[in-house]
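Inside the fold
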Amino acid sequence: MTTTEIFLIAMLMIFAVPYLVWRLGGTDYWAPLVVVQIVTGIVLGPGVLGAAFPEYYEFVFSAPVIQSLNGVAWWAVMVFVWLAGIELDLKQAWKHRGETGVTAGLALGVPLLFGSVAAVGLLMYPGWIGSKALTWQFVLGIGMACAVTALPILILLMEKLHILRQPVGQRILRYASVDDILIWGVLALILMDWERVGKQAGFLAVFALASVMLRRLMVRIPERDRWYVGLIWLAACGLGADWCGLHYMVGAFIAGAVMDAGWFDQQQMDWLRHNVLLVMMPVFFLSTGLRTNWQVGGGAVFIAAAVLLFASVSGKLIGVHIAGRILRWQPGEASLIGWLLQTKALIMIIFANVLLDKAIITNAAFTALLLMAVASTMLTVPVVAPMLARIKEIVFRSA
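A brief look at the structure comes next. (Residues numbered from 1 in each chain as written. Predicted model: local features only at pLDDT ≥ 70, side-chain atom pairs only at ≥ 80, totals over all residues. Heavy atoms only, no water.)

1. Here we look at the pattern of salt bridges
Here the structure, examined in full by the defined rule, presents five salt bridges. Here Arg-171 makes a salt bridge to Glu-333, at a shortest N to O gap of 2.6 Å. You can see Arg-171 sitting in helix 10 (residues 167-191) and its partner Glu-333 sitting in helix 17 (residues 333-341), a full 162 residues away along the chain. What emerges from the salt-bridge pattern is a single network uniting Glu-99, Arg-171, Arg-174 and Glu-333. (Salt bridge = Lys/Arg side-chain N within 4 Å of Asp/Glu carboxyl O. Helix = DSSP H or I, 4+ residues; strand = E, 2+ residues; numbered from the N terminus.)

2. Let's talk about the nonpolar core
Counting 146 residues, the largest nonpolar core has Leu-69, Met-259 and Ile-361 as the members making the most contacts within it. Counting residues per element, this core draws most heavily on helix 19 (residues 363-390), which supplies 14 residues. Contact partners of Met-259, with chain neighbours within four places excluded, come to Trp-82, Ile-86, Leu-214, Arg-215, Met-218, Gly-230, Trp-233 and Phe-264. (Core = buried A, V, L, I, M, F, W, Y, C linked by side-chain atoms within 4.5 Å. Buried < 20%, exposed > 50% of the residue type's maximum accessible area, 1.4 Å probe, protein only. Contact = heavy atoms within 4.5 Å.)

3. So, the side chain of Thr-100
Mapped onto the elements of the fold, Thr-100 is located in helix 7 (residues 97-122). Of note is the side chain of Thr-100, whose polar atom sits 3.3 Å from the side chain of Arg-174. (Polar contact = N/O pair within 3.5 Å; in protein donor to acceptor, adjacent residues only side chain to side chain.)

4. Examining helix 8 (residues 135-147)
Compared with an ideal rise of 1.5 Å per residue, which puts 13 residues at 18 Å, helix 8 spans 18 Å between its outermost C-alpha atoms and is within 8% of the ideal. Among the 13 residues that make up helix 8, eleven are buried, leaving the element largely enclosed by the rest of the structure. Taken residue by residue, helix 8 has Gln-137, Phe-138, Val-139, Leu-140, Gly-141, Ile-142, Gly-143, Met-144, Ala-145, Cys-146 and Ala-147 as its buried positions. (Expected span 1.5 Å × (residues − 1).)

5. Concerning the side chain of Thr-149
Position of Thr-149 relative to the elements: it lies in the loop between helix 8 and helix 9 (151-160). Within the structure, Thr-149 has its side chain in polar contact with the side chain of Lys-316 (distance 3.3 Å). Reaching out from Thr-149, the side chain makes a polar contact with the backbone oxygen of Leu-341 at a distance of 2.5 Å. Every residue in contact with Thr-149, bar those within four places of it in the chain, is listed here: Leu-154, Ala-176, Asp-180, Ile-183, Lys-316, Leu-341, Thr-343 and Ile-347.

This is the structure:
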């Protein structure tokens, strides 16, 4: 068979298997399609399919096919992260800066601390820290992975729960938006290469100047041209960030963060995000699954994932409960908000991919983080839905 035919076999598996599991299995309540796609990527990876059927795995996922899939995955995740940057709305966060600062700070800081402690524990055993990582980079990277909130998946789940447009949903978006900025800032710090600091400083200086010019240009051109100019800007920022050592996904995020959502029709942006998730992101999930590794032992990976999950969920809940006490929230609000903010999935997986690309974590640590992200996301709706039913009137009145 030709490489093209084998590539299309892989694409058939990528789209057919998770859809059939999701639709026929009725998993939507506890595992939305995007979560099933992530799990399918793990199952189709070397640890499951590759171990069970090594010859078939090597036939389908040959080097040329993987290279082709990776190209699609790179662009898919760049567009997705770019849109996440555009959609950040920090105006409301600034308007409510006192409450937002306390909540977002504790919601990020406590799980970061807990995750860092878990990372120190992992350092006691071989096979977790990457070959190019300094100890502080590994500890801070794992800690931040435990603190991440997946804003796009959070929006999806709150839509499912019918609270996105309610006051409590808008509050949660404010907290998650501030954390998003901090997460990417910490990632940039972790990726700072002191041997190439001149390149990185040069890129950031050029980026700042170009951003001013871009903003002046965008308000002067028709909206139909803004999308195309935005994509050119995305590719240029991704190239510049990767060239200087900051990684193309950092470039994609800051490319979107300096743009205003008001420049675009919101419905068109929603459709673009939906279509990126539908058409291209499943390839990213598969390419992510192909990077999983169980060489330190399957049991050890699952234990590490469980420890990281505990650090992530408990840290997020404790942090938000402290904020609730300080701000005197209604009973039950802190638990509801904490469980929603602990949602991981996409953004944490993207974050972990960057750490793996830069050899800050190993494939085994990446696998543990991936399992933790899937588990945290699958817990959200089953825990939040009955909780929401009990305190529905209270949270809908909260401003």
